[in-house]
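# A closer look at the structure
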Amino acid sequence: MAAHALYRRAIPAAARITRWHAPDGWVHRRFDWPAAEGARQRGAMLFQVGRGDIFEKYLESFAHWRACGWSITSFDWRGQGGSGRLTDDPHCGHIDSFDTYVDDLAAFAAAWREERAGPHVMVGHSMGGYLVLRALAEGRVTADAAVLVAPMLGLKSPVGPRFGERAARLLAGLGRSSRRAWRANERPFTRAARQTLLTSDRARYEDELWWMEANPAHRTGPPSWAWVLEAFRSTRTLNASPALATLDVPVQLLVAEGDALVDSKAALAVAARLKRGTLVRFGPEARHELLRESDAIRDRAIGEIDRFLAEVLVPA
């Protein structure tokens, strides 16, 4: 996969970055990288990033899938990356309700399916994984298969999800719920400590910093207290949904059991309930960003995704 590393700090010449307008007029930044002409066409992949992410972080993985014949599409979530901000603080990732994210995803995915020949695969990392699963469970989107990478199906909290949600509700109510929940992008606050939360690969971690320095306007920063409260509430609601047991879509979950940002136990519990779920477990060697991990871990994750898609998307 070494050749694909060429794209880690460069937008591919054949890719397009455009704007997509949600039904309410909100402008989102969009990425499209069609499969190479003459290559065996596999279908269309919609890849949705996590909280505070930008799609540039995943260009290396996009290059791999494009070489396999997939057309790649992504967009920055409302309020982060290149899709504007919902408060006057340019470095705070705020949302009033995760319903808005789902509305955006549903509208975008409907248009994407019309534009791109199938099969249609949806891939979501972290918050993106939660939103893809929720949209599927609620019948807001349809897909031939879905992949959830380190999905945010619960937040990591030292006091547990119940008390974590209560604390978030209290703190959100003490002032403006749109204010930053903490000072820096992730906890803890030092650059070295943040890397240990995300990936053991220093070079891939530095790629993110390079993109943020190249375009500071895309840097999001920490979430608001409203976002934190919504994350607790919304994941709790989805995890209790009876729709998970009847969802008739092949869903693969890649879970890092030592993940320090999201609740891996919640993801394991959801995986066990899914009608057509496939679970891939990573041990303490893996951090949160499995697709930006060291080569051995990342190659395994990519290989598992490729194998899953080959198995569930058998040509008619």
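Heads up: these notes are all about the structure in this document. Since the model is a prediction, treat every value here as computed from it, not as a measurement.

What follows concerns the overall build of the chain. Helix and strand content of the chain: nine helices and eight strands. At 18 Å, the chain has a C-alpha radius of gyration in line with the 20 Å of a compact globule built from 316 residues. The dimensions of the chain, computed from C-alpha atoms along their principal axes, are 60 × 45 × 45 Å. Residues classed as buried in the chain amount to 57% of the 316 residues present. Sequence-distant contacts in the chain: of pairs separated by 6 or more residues, those separated by 24 or more amount to 78%. As displayed, the chain offers around 12,900 Å² of accessible surface, 54% of which is attributable to carbon and sulfur atoms. Put simply, the chain has 43 plus and 37 minus side-chain charges, and the middle of one group is 3 Å from the middle of the other.

Our next topic: the side chain of Glu293. Mapped onto the secondary structure, Glu293 falls in the loop between strand 8 (277-282) and helix 9 (295-312). An unpaired buried charge is present at Glu293: no salt bridge exists, and Arg287, the closest side chain of opposite charge, is 4.6 Å distant. Setting aside chain neighbours within four positions, we find Glu293 in contact with Thr199, Ser200, Asp201, Arg204, Glu285, Ala286, Arg287 and Arg298.

Moving on, we come to the side chain of Arg298. Looking at the element boundaries, Arg298 is found in helix 9. Looking at Arg298, its side chain comes within polar contact range of the main-chain oxygen of Leu291, at 3.1 Å.

To continue, consider the sheet that holds strand 5 (residues 120-125). Strand order across the open sheet formed by eight strands is 1-2-4-3-5-6-7-8, with mixed pairing between neighbours. At either end of the open sheet lies a strand with only one pairing partner, and these are strand 1 (16-21) and strand 8. If you compare each strand with its neighbour and ignore which way they point, the axes differ by 20° on average. One ladder, built from four bridges, connects strand 6 (residues 145-149) with strand 7 (residues 251-256); its direction is parallel. By the bridge assignment for strand 7, Val149 is matched with Leu254.

Turning to the nonpolar core, a few remarks are in order. Grouped together as the largest cluster of nonpolar side chains are 91 residues, with contacts concentrated most on Phe62, Trp65, Trp227 and Leu309. What Leu309 contacts, discounting residues up to four positions off in sequence, is Arg42, Met45, Trp70, Val121, Ala145 and Val147.

Once that is clear, we can look at the packing of aromatic side chains. By the definition in use, this model includes 16 aromatic pairs. Consider the rings of Phe31 and Trp33, whose centres lie 6.5 Å apart with planes at 80°: the pair is edge-to-face. Trp33 carries the same exposure label as Phe31, and that label is buried. Each member of the aromatic cluster is reached from another via a ring pair, and the members are Tyr7, Phe31, Trp33, Phe47, Phe55, Tyr58, Phe62 and Trp65. One Lys or Arg, Arg51, reaches over the ring of Trp227 and ends 5.7 Å from the middle of that ring.

Interhelical geometry of helix 4 (residues 160-172) versus helix 7 (residues 225-239) gives an angle of 145° and a closest axis separation of 9 Å. In this structure, helix 4 meets helix 7 at a crossing whose hand is left-handed. Counted together, Pro161, Gly164, Glu165, Ala168, Arg169, Leu171 and Ala172 of helix 4 and Trp225, Val228, Leu229, Phe232, Arg233 and Arg236 of helix 7 form the full contact between these two elements. Grouping the amino acids of the contact of helix 4 with helix 7 by side-chain chemistry returns eight nonpolar, one polar and four charged.

A separate point is helix 1 (residues 59-67). Summarising burial for helix 1: eight of the nine residues are buried, a large majority. Here helix 1 has its buried residues at Leu59, Glu60, Ser61, Phe62, Ala63, His64, Trp65 and Arg66. Where helix 1 is buried, its residues contact strand 2 (27-33), strand 3 (43-48), strand 4 (70-75), helix 6 (202-214) and helix 9. A positive backbone phi angle near 110° is found at Gly69, which sits one or two residues after helix 1.

Turning to unusual backbone geometry, a few remarks are in order. Omega for the peptide link from Gly118 to Pro119 comes to 5°, which places this bond in the cis form. One can find Pro119 in the loop between helix 2 (98-115) and strand 5. Backbone geometry at Ser126 places phi at a positive 55°, although glycine is not the residue there. You can see Ser126 is positioned in the loop between strand 5 and helix 3 (127-137). Within the chain, Ala150 stands out as a residue other than glycine whose phi angle is a positive 45°. By the secondary structure assignment, Ala150 is in the loop between strand 6 and helix 4. The buried category is assigned to Ala150, whose relative accessible area is 2%.

So, how was this worked out
Residues numbered from 1 in each chain as written. Predicted model: local features only at pLDDT ≥ 70, side-chain atom pairs only at ≥ 80, totals over all residues. Heavy atoms only, no water. Helix = DSSP H or I, 4+ residues; strand = E, 2+ residues; numbered from the N terminus. Rg over C-alpha atoms; globule rule 2.2 N^0.38 Å. Buried < 20%, exposed > 50% of the residue type's maximum accessible area, 1.4 Å probe, protein only. Contact = heavy atoms within 4.5 Å. Areas by Shrake-Rupley, 256 points an atom, 1.4 Å probe, with all protein chains shown as cover. Lys, Arg positive; Asp, Glu negative; His and termini not counted. Charge placed at Lys NZ, Arg CZ, Asp CG, Glu CD. Salt bridge = Lys/Arg side-chain N within 4 Å of Asp/Glu carboxyl O. Polar contact = N/O pair within 3.5 Å; in protein donor to acceptor, adjacent residues only side chain to side chain. Pairing = 2+ DSSP bridges. Axes fitted to C-alpha atoms, helices over the stretch in contact; angles between N-to-C directions. Core = buried A, V, L, I, M, F, W, Y, C linked by side-chain atoms within 4.5 Å. Phe/Tyr/Trp six-rings, centres within 6.5 Å; stacked < 30°, edge-to-face > 60°. Lys NZ or Arg CZ within 6 Å of the ring centre and 35° of its normal. Left-handed = near helix turned anticlockwise from the far one by under 90°. Nonpolar A, V, L, I, M, F, W, Y, C, P; charged D, E, K, R; others polar.

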